[in-house]
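Analysis of the macromolecular model
These are the residues of each chain, in order.
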Amino acid sequence: MEFKDLDPILHSQLRLAVVSLLISVKEAEFTFIREKTNATAGNLSVQINKLKEVGYIEVIKQFKDNYPQTICKITPAGVAAFEEYVKNLQSYLGVNK
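Residues numbered from 1 in each chain as written. Predicted model: local features only at pLDDT ≥ 70, side-chain atom pairs only at ≥ 80, totals over all residues. Heavy atoms only, no water.

With respect to the pattern of salt bridges
For the coordinates displayed, the defined rule picks out two salt bridges. When the shortest N-O distance is used, the salt bridge between Glu 27 and Lys 73 registers 3.5 Å. Here Glu 27 is found in strand β1 (residues 27-29), whereas its partner Lys 73 is found in strand β3 (residues 67-74), with 46 residues between them in sequence. Two residues, Lys 87 and Glu 84, come together in a salt bridge whose shortest N-O distance is 3.5 Å. Highlighted residues: Lys 87 and Glu 84, both in helix α4 (residues 76-93), separated by three residues, approximately one helical turn. Residue Lys 87 is classed as partly exposed on the basis of its relative accessible area, which comes to 48%. (Salt bridge = Lys/Arg side-chain N within 4 Å of Asp/Glu carboxyl O. Helix = DSSP H or I, 4+ residues; strand = E, 2+ residues; numbered from the N terminus. Buried < 20%, exposed > 50% of the residue type's maximum accessible area, 1.4 Å probe, protein only.)

As C-alpha cells, this is what we get:
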C-alpha cells in the first residue's frame, strides 16, 4: 500500500471545512462560512487568507447596503487540490476508486 502526502494547507480542520463547503456551493459570504464552521471571525479570516495565498479560493470584498461584504469562491486549483486530497486520504483508508 502506498501512502500519499496530504496537502498541509487542506490538512487543517478549518481550512478543509471551508474548502468542503465551497465545493458544494461554489461561493459563499464570510458570515455564512463562519456560521457553518463555528469559527471565530479572526481565525476564519486568517485561514481564508492562507487559502487565498495558495490560490485555492478567490476573495471578493465589496459593499452591500453600505456594509462590507466578503465573498469566497472556490477556484479550479482549489477544486483540483481538494480532489487530490480526498484521493490521497482514501489511500490511508484503503479505499480505491
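We are not done yet, so read on.
Quick notes on the packing of helix α1 (residues 13-25) against helix α2 (residues 30-37)
At a minimum axis separation of 10 Å, α1 and α2 run at an interaxial angle of 120 degrees. When the interaxial angle is binned, α1 and α2 end up oblique. Like other packed secondary-structure pairs, α1 and α2 cross with a definite hand, here right-handed. Residues Leu 14, Ala 17, Val 18, Leu 21 and Leu 22 of α1 pack against Phe 32, Ile 33, Lys 36 and Thr 37 of α2. Of the residues belonging to the contact of α1 with α2, the class tally is seven nonpolar, one polar and one charged. (Axes fitted to C-alpha atoms, helices over the stretch in contact; angles between N-to-C directions. Parallel < 35°, antiparallel > 145°, perpendicular 65-115°, else oblique. Left-handed = near helix turned anticlockwise from the far one by under 90°. Contact = heavy atoms within 4.5 Å. Nonpolar A, V, L, I, M, F, W, Y, C, P; charged D, E, K, R; others polar.)

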